[in-house]
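What follows is the residue order along each chain.
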Amino acid sequence: MFTYYLKEEPLTLKEQRHKAEKEAEKQGKTPPYPTPEQLRAEAQEEPPAVILTVSDTEGNVVRRLEGEKTKGFHRVSWDLRFPPAHPIGGEGSRDEAAPWEPRELGPLVAPGTYQVTLSQRLRGVETVLAGPVTFEVVPLGQATLEAQDKASELAFQRKVQRLQRAVLAAGEVLRDTQERLKRLKVAVERTPGAKPEWGTTIRQLEAELARLDLAFSGDREMARRNEPTLPGIRDRVVRIVASLYTATAPATGTQKEQYQLAADQFEHFLAGLRSLVRDKLPALERELEHAGAPHTPGRFPEWVKE
């Protein structure tokens, strides 16, 4: 638990202007009307932030936590974990998680010496306010099957997290590409000069993407019918993470075996997805753009002044 005190709250440009206007009114003066440049700068300004940066003894950043920026005493808790590797969603992109759903977690840090620094970010400039303050992370000694070599266990967990980050990101790319193909199919129908083979190419790409999705997500059609199926790449990784990040016991042989299986399968999967998204799909989109097709996500418009 980190406790800090702020002498004053950092003010935005708009808050500074309002404060100056109130002071002018107290003095019986008429405050000047803000210029268009001032109003635009206020609208574009990033809100101030207070950040606590946790790093190890070598200066490697472990976690960045955001705290309250108002005047006075505040406390911020750190769960002794690295940040989660989940993709960043847009505002309102996800519904609120149910109470029984697992939280997005990163692996626990290893016991040792760490330090925390308090800084303030105002108008894009980050300034150190206090620190670094050194502290120790120690195990409670209550684990029944506690890992003895914590450094090697953390190395394995970090390796798993790197795979997790790439797998979850690939899932986002997979869904985005499915949507791009759906819209391309509509765009072809609405393009007067569309070639018949474009529709054929899109359907071939959809079939290829479906095969990739089968390896990534598993056989959902058979699973819906309660038929036994092998887990997909994502399921393997999710199961490793769910059991690994919530325990202090050493990684089991099954977890290490599942990691190796998932890593081998993902390597092949990613090569196929990369070829489709970076080569085959852009080639088709360029042809549609030259033909004047309606815009679809992922394409940049081409235009020459006439």
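Residues numbered from 1 in each chain as written. Predicted model: local features only at pLDDT ≥ 70, side-chain atom pairs only at ≥ 80, totals over all residues. Heavy atoms only, no water.

(A) Expanded view of the overall build of the protein chain. For the protein chain, the count of helices and strands is 7 helices and 6 strands. Listing the helices and strands of the protein chain from first to last along the sequence gives β-α-α-β-β-β-β-β-α-α-α-α-α. Since a compact globule built from 306 residues should have a radius of gyration of about 19 Å, the 26 Å found for the protein chain marks it as more spread out than a globular shape. The principal-axis extents of the C-alpha atoms in the protein chain amount to approximately 75 × 70 × 35 Å. Sorting the 306 residues of the protein chain into buried and exposed places 34% on the buried side. Expressed as a percentage of contacts within the protein chain between residues at least 6 apart in sequence, the contacts between residues at least 24 apart total 67%. Between the mean site of the 45 positive side-chain charges and the mean site of the 46 negative ones, the protein chain shows a separation of 1 Å. (Helix = DSSP H or I, 4+ residues; strand = E, 2+ residues; numbered from the N terminus. Rg over C-alpha atoms; globule rule 2.2 N^0.38 Å. Buried < 20%, exposed > 50% of the residue type's maximum accessible area, 1.4 Å probe, protein only. Contact = heavy atoms within 4.5 Å. Lys, Arg positive; Asp, Glu negative; His and termini not counted. Charge placed at Lys NZ, Arg CZ, Asp CG, Glu CD.)

(B) Representation of the packing of aromatic side chains. Using the criterion set out here, one finds 8 aromatic pairs in the structure. Ring plane angle 45° and centroid distance 4.9 Å describe the contact between Tyr5 and Phe73, whose orientation is recorded as tilted. Within this pair, whereas Tyr5 is found in strand 1 (residues 2-6), its partner Phe73 is found in strand 4 (residues 72-76), the two being separated by 68 residues in sequence. Aromatic ring contacts, followed pair by pair, group Phe2, Trp78, Tyr114 and Phe135 into a single cluster. A cation over an aromatic ring shows up here: Arg158 above the ring of Phe82, its NZ or CZ 3.9 Å from the ring centre. (Phe/Tyr/Trp six-rings, centres within 6.5 Å; stacked < 30°, edge-to-face > 60°. Lys NZ or Arg CZ within 6 Å of the ring centre and 35° of its normal.)

(C) Broad picture of the sheet that holds strand 5 (residues 112-122). As summarised here, the arrangement of the 4 strands in space is 3-2-5-6, forming an open sheet in which the pairing is antiparallel. Edge strands, defined here as strands with exactly one partner in the open sheet, are strand 3 (61-67) and strand 6 (125-137). Going from strand to strand, the sheet's axes swing by 20° on average, the running direction of each strand aside. When strand 2 (residues 49-56) meets strand 5, the two strands line up antiparallel, connected through 8 bridges. Pairing of Val50 across the sheet is with Gln120, part of strand 5. (Pairing = 2+ DSSP bridges. Axes fitted to C-alpha atoms, helices over the stretch in contact; angles between N-to-C directions.)

(D) Molecular detail of the environment of Leu284. One can find Leu284 in helix 7 (residues 253-290). The spatial distance from the C-alpha of Leu284 to the C-alpha of Trp198 is 7.5 Å, given a sequence separation of 86 residues. With residues up to four places along the chain from it excluded, the contact list for Leu284 reads Leu184, Trp198, Thr201, Ile202 and Leu205.

(E) Spatial organisation of the pattern of salt bridges. Applying the stated criterion across every chain yields a total of 17 salt bridges. Residue Glu179 is joined to Arg183 by a salt bridge in which the shortest nitrogen-to-oxygen separation is 3.1 Å. With Glu179 and Arg183 both in helix 3 (residues 150-189), this residue pair falls 4 residues apart, about one helical turn. Residue Glu179 is classed as partly exposed on the basis of its relative accessible area, which comes to 35%. (Salt bridge = Lys/Arg side-chain N within 4 Å of Asp/Glu carboxyl O.)

(F) Region of interest: the pairing of strand 1. Side chains of strand 1 alternate between two faces, with Phe2, Tyr4 and Leu6 buried and Thr3 and Tyr5 left unburied. Note: strand 1 against strand 4, 5 bridges, orientation antiparallel. Each residue of the ladder has a partner; that of Thr3, found in strand 4, is Arg75.

(G) Main features of helix 7. Spanning 38 residues, helix 7 covers 54 Å between terminal C-alpha atoms, matching the ideal 56 Å at 1.5 Å per step. Among the residues trailing helix 7, Gly292 stands out with phi positive, at a value near 80°. (Expected span 1.5 Å × (residues − 1).)

(H) Examining the side chain of Glu289 more closely. Position of Glu289 relative to the elements: it lies in helix 7. Of note is the side chain of Glu289, whose polar atom sits 3.0 Å from the backbone nitrogen of Glu302. What Glu289 contacts, discounting residues up to four positions off in sequence, is Arg299, Phe300, Pro301 and Glu302. (Polar contact = N/O pair within 3.5 Å; in protein donor to acceptor, adjacent residues only side chain to side chain.)

(I) Main features of the packing of helix 3 against helix 6 (residues 233-244). At a closest axis distance of 10 Å, the pairing of helix 3 and helix 6 adopts a crossing angle of 140°. Judged by the angle between their axes, helix 3 and helix 6 are oblique. Like other packed secondary-structure pairs, helix 3 and helix 6 cross with a definite hand, here left-handed. Packed against helix 3, whose contacting residues are Phe156, Gln157, Val160, Leu163, Gln164, Val167 and Arg175, the element helix 6 presents Ile233, Arg234, Val237, Ile240, Val241 and Leu244 at the interface. (Parallel < 35°, antiparallel > 145°, perpendicular 65-115°, else oblique. Left-handed = near helix turned anticlockwise from the far one by under 90°.)

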